[in-house]
Amino acid sequence: MTQRAEIDMDGQEPRGPVADAGAELDPLHPRQPPGPETPTAAPTTGLTADQVAERMARGEVNDVPVRSSRSAVDIVRANVLTRFNAIIGVLWVIMFFVAPIQDSLFGFVIIANTGIGIVQELRAKRTLDSLAVIGEAKPRVRRDGVASTVSTSDIVLGDLVELGPGDKVVVDGELAEADNLEIDESLLTGEADPVLKQPGDRVMSGSFVVAGGGAFTATKVGREAYAAQLAEEASRFTLVHSELRSGISTILKYVTWMMVPTAIGLIISQLVVKDTNFKDSLARTVGGIVPMIPEGLVLLTSVAFAIGVIRLGRKQCLVQELPAIEGLARVDVVCLDKTGTLTEGGMDVTELRPLGGTDEAYLRQVLGALGESDPRPNASLQAIIEAYPDSEEWRCTESLPFSSARKYSGASFSEGNGESSTWLLGAPDVLLPGGDPALDEIDALNRQGLRVLLLTKAAEALDAPSPADGAKPAALIVLEQRLRPDAPETLRYFADQNVAPKVISGDNAVAVGAVADKLGLPGSDRTVDARRLPAERSAMGAEIDANAVFGRVSPRQKRDMVGALQSRGHTVAMTGDGVNDVLALKDADIGVSMGSGSEATKAVAQIVLLNNSFATLPSVVAEGRRVIGNITRVATLFLTKTVYSVLLAILVVCSQVEYPFLPRHLTLLSTLTIGVPAFFLALAPNKERAKPHFVRRVMRYAIPAGLIAAAATFSTYLLARSHYSGPDALDAETSAATLTLFLVAMWVLAIIARPYTWWRIGLVATMGAGFLLVLVVPWLQDFFALKLVGVTMPWTAVAIAATGAALLELAWRAVARRVPA
């Protein structure tokens with residue numbers, strides 16, 4: 001799981017400019033008047049255009065470079081300056097001086113591979129950069145009394161930045177206005193409880209608004225802002241921990257340890273012990289060292305990831321952290337937030353049901369006034385605003401914004417006739433006591449998949465500890481949600497791929513279950529009210545495993561549910577678009593946010609669906625599976641070559657014979673049995689869910705395959721040494737050994753290419769035809785120094801290769817049975 005950037009205010013002190021910013025705050029929340037040097041904006045109008053221009057000229061602008069990908073220089077450096085490129089580069093220079101050009105072909109292959117890697121990563125960079133601009137946060141800044149959206153990098157010192165639910169705080173500042181403003185600072189402090197803010201309080205970049213609204217004056221911008229790195233880190237293309245990359249690094253480390261002593265032994269054997277032509281001995285020594293290096297494995301991994309990013313980019317899917325592609329391939333549980341994921345954002349009011357004889361016309365006035373009281377309404381309130389226009393006679397005197405934790409909002413009004421009243425609007429099963437007769441009516445509506453809100457007249461003030469106590473029910477507002485037309489097909493895809501969907505919503509459980517049933521979700525008839533879930537993690541995990549639909553889930557519970565699933569060994573993806581999803585998105589193995597979601601959710605998510613289409617998720621999962629499954633396949637090819645190369649070198653050293661191959665021979669074999677087919681196999685479709693233990697899964701096949709290939713090849717070589725004699729004997733021996741090694745390596749390729757399709761069969765056949773062409777065309781025979789002499793030894797080489805192929809089949813079956821992945 002990828003670790004998000006997180007700053008613990010109670011732990012180590014941040015370094016650099018962050019430390020300076022944090023030093024003023026003791027602790028995070030109390031008000032502190034700005035010092036005399038702190039620029040302030042007019043409380044309501046903000047800066048003027050002249051002031052903005054002046055501060056930009058002075059460089060007092062939020063110029064933190066937010067990068068969505070590595071720089072071009074970093075990409076080139078990472079592809080060129082590698083340990084194995086350095087080794088091969090030295091060997092290549094040596095071969096230029098001591099051998100014909102065909103023995104230096106391996107160097108040109110490395111140049112081509114490196115070039116391909118650089119080009120693909122640069123293409124991926126362009127894709128990511130363009131998508132990052134689309135998904136960039138656009139804060140609202142008030143200038144000359146007019147609020148407008150600007151780029152984060154255009155905020156200047158002293159700007160008045162407006163805040164609403166879901167907005168990220170993008171720079172440090174001091175609150176100038178606050179209307180029941182609650183800010184979540186969990187990404188900075190690790191503390192999940194939102195903090196109620198008042199004018200004069202400090203706010204810091206990296207936090208986000210949970211409820212209410214307000215505006216703050218920017219007091220620190222750019223690199224001086226507290227935790228400015230968080231905003232950069234949240235949208236950066238990062239090569240952070242992944243099992244695939246760490247596994248390949250582990251394999252390369254072991255390969256280096258094996259390669260160094262083996263290469264030294266081979267050098268001593270060929271150059272010192274054997275009294276043969278120096279240049280020929282040096283060429284054969286290099287021929288023994290080069291194939292030990294799995295030089296194309298890292299390249300193919302980078303290319304596969306880069307092409308995955310490009311493919312997903314075409315589907316308007318922004319991959320903010322590269323291993324997210326890999327992580328989604330391993331997912332076996334996907335937690336879906338209903339609103340905005342299974343349903344579209346909008347709703348429609350279908351019915352207003354007065355309770356207790358309340359006048360419907362009066363209720364319409366109440367609902368119109370409630371809609372007007374919230375400057376940033378959620379989807380439910382927006383539907384009410386559209387259905388019930390505001391009456392200008394009513395004036396809001398106090399408001400309580402909606403909170404996912406409370407499940408209701410409220411406002412107090414002066415009604416224009418001298419009367420005052422306070423109203424609450426929210427979840428009926430939260431505002432009503434258990435057993436209330438209205439709940440039966442509400443349950444009947446919920447079972448139809450309708451969303452029901454309760455309007456109550458409060459007996460307590462909004463600032464009371466429990467404003468809902470003693471509230472009198474006044475009306476039911478029935479809302480119909482718009483189902484996403486692509487949701488049923490997407491849910492079927494997850495079911496087919498053995499990924500268990502769990503619908504986790506803050507809405508009524510019965511209503512959520514009815515929506516899930518309309519979409520064909522298996523288990524939609526088993527709904528659970530999350531308020532009754534056990535608190536103990538293992539018991540909670542068992543309950544979640546057994547059911548599929550959960551309602552009345554609080555934001556903290558969403559996070560706990562993700563943790564409970566992870567504790568049972570699941571790899572969990574979480575989708576969401578609201579601030580109530582942020583904590584769960586942050587803790588999930590893979591967080592997926594909708595492009596229309598809040599800035600906070602997009603900041604912590606690893607994948608952002610910019611087109612807001614839930615139907616894009618199968619493409620992301622499929623891309624991840626393609627990358628991981630195919631890299632596992634081709635890694636087996638590369639490491640089989642490394643194993644047989646090391647073993648051949650050891651056998652040559654122990655037997656004190658000439659190394660059988662020149663670099664040109666192994667360049668030909670590597671190209672036909674590994675390089676070209678691996679490139680096609682790495683980009684082929686693959687729907688198999690990724691499994692853990694990458695290193696073990698690869699090595700369990702590569703080691704026996706390499707052993708068999710080395711044994712078969714060396715057996716042919718020894719038989720050929722006893723069969724041939726004369727000045728050209730070594731060339732004939734090499735040709736026979738090359739034939740055996742090619743046939744065994746082709747059988748490894750044929751096994752790796754399963755299950756067969758027309759193009760896979762064509763790929764294997766084409767590679768075989770390529771080698772046959774070299775054997776029959778005279779100038780290719782001369783170029784690669786391959787010429788089969790006589791009949792007996794070539795057919796013996798074929799027979800030994802056939803025996804090796806039979807052993808490979810037996811080993812493959814035995815390994816699959818006895819060494820499970």
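So, the overall build of the chain
Line of reasoning, step 1. Along the chain, the regular secondary structure elements total 28 helices and 21 strands.
Line of reasoning, step 2. Scored against the burial criterion, the 821 residues of the chain give a buried share of 58%.
Line of reasoning, step 3. Here the contacts in the chain between residues at least 6 apart in sequence split such that 74% fall between residues at least 24 apart.
Line of reasoning, step 4. With the model as given, the accessible surface of the chain reaches about 33000 Å², and the carbon-plus-sulfur share is 57%.

Here's the deal with the side chain of Thr-456
Line of reasoning, step 1. Along the polypeptide, Thr-456 turns up in strand β14 (residues 451-457).
Line of reasoning, step 2. Residue class for Thr-456 comes out buried when judged on its relative accessible area of 0%.

Details of the packing of helix α24 (residues 694-723) against helix α28 (residues 792-818)
Any two packed helices are characterised by the angle at which their axes cross and by the distance between the axes.
Line of reasoning, step 1. α28 packs onto α24 with a crossing angle of 160° between their chain directions and a minimal axis gap of 9 Å. Relative to α28, the element α24 lies roughly antiparallel. For α24 against α28, the interelement crossing comes out right-handed. Only Thr-792, Met-793, Thr-796, Ala-797, Ile-800, Gly-804, Leu-807, Leu-808, Ala-811, Trp-812, Val-815 and Ala-816 of α28 make contact with α24, whose side of the interface consists of Arg-700, Tyr-701, Pro-704, Ala-705, Ile-708, Ala-712, Ser-715, Thr-716, Leu-719, Ala-720 and His-723.

Concerning unusual backbone geometry
Line of reasoning, step 1. Cis geometry marks the peptide bond from Arg-754 to Pro-755; its omega dihedral reads -5°.
Line of reasoning, step 2. Residue placement: Pro-755 occurs in the loop between α25 (729-752) and α26 (758-776).
Line of reasoning, step 3. Backbone geometry places Gln-316, a non-glycine residue, at a positive phi of 60°.
Line of reasoning, step 4. For Gln-316, the position within the fold is in the loop between α10 (295-314) and β8 (317-319).

Looking at a negative patch on the surface
Line of reasoning, step 1. Residues Glu-372, Asp-390, Glu-392 and Glu-393 make up a contiguous surface patch of negative charge.
Line of reasoning, step 2. As for its placement among the helices and strands, Asp-390 is situated in the loop between α13 (379-387) and β11 (395-400).

Details of the confidence of the model for the chain
Line of reasoning, step 1. Looking at the chain, the pLDDT average stands at 78 and 84% of residues meet or exceed 70.
Line of reasoning, step 2. The least confident element of the chain, judged by mean pLDDT, is helix α1 (residues 17-23) at 35; the most confident is α26 at 92.
Line of reasoning, step 3. This model gives residues 1-42 a pLDDT under 50, and the stretch forms 93 contacts once residues within four places in sequence are excluded.
Line of reasoning, step 4. Per-residue pLDDT stays below 50 along residues 229-241; that stretch engages in 44 contacts with residues further than four places along the chain or on separate chains.

Here we look at the sheet that holds strand β9 (residues 333-336)
Two pairing modes exist for strands in a sheet, parallel and antiparallel, and in both the strands are linked by backbone hydrogen bonds.
Line of reasoning, step 1. Strand order in the open sheet formed by eight strands is β8-β21-β20-β19-β9-β16-β18-β17, with mixed pairing between adjacent strands. The open sheet has two edge strands with one neighbour each: β8 and β17 (527-529). Averaged over neighbouring strand pairs, the angle between their axes works out to 20° when direction is ignored.
Line of reasoning, step 2. Judged from the four bridges that link them, strand β19 (residues 572-576) and strand β20 (residues 590-594) form a sheet pairing that is parallel.

About the criteria used
Residues numbered from 1 in each chain as written. Predicted model: local features only at pLDDT ≥ 70, side-chain atom pairs only at ≥ 80, totals over all residues. Heavy atoms only, no water. Helix = DSSP H or I, 4+ residues; strand = E, 2+ residues; numbered from the N terminus. Buried < 20%, exposed > 50% of the residue type's maximum accessible area, 1.4 Å probe, protein only. Contact = heavy atoms within 4.5 Å. Areas by Shrake-Rupley, 256 points an atom, 1.4 Å probe, with all protein chains shown as cover. Axes fitted to C-alpha atoms, helices over the stretch in contact; angles between N-to-C directions. Parallel < 35°, antiparallel > 145°, perpendicular 65-115°, else oblique. Left-handed = near helix turned anticlockwise from the far one by under 90°. Patch = residues over 30% accessible without salt bridge, like charges linked within 9 Å, V, L, I, M, F, W, Y side chains within 5 Å. Salt bridge = Lys/Arg side-chain N within 4 Å of Asp/Glu carboxyl O. Lys, Arg positive; Asp, Glu negative; His and termini not counted. Charge placed at Lys NZ, Arg CZ, Asp CG, Glu CD. pLDDT = per-residue confidence, 0-100. Pairing = 2+ DSSP bridges.

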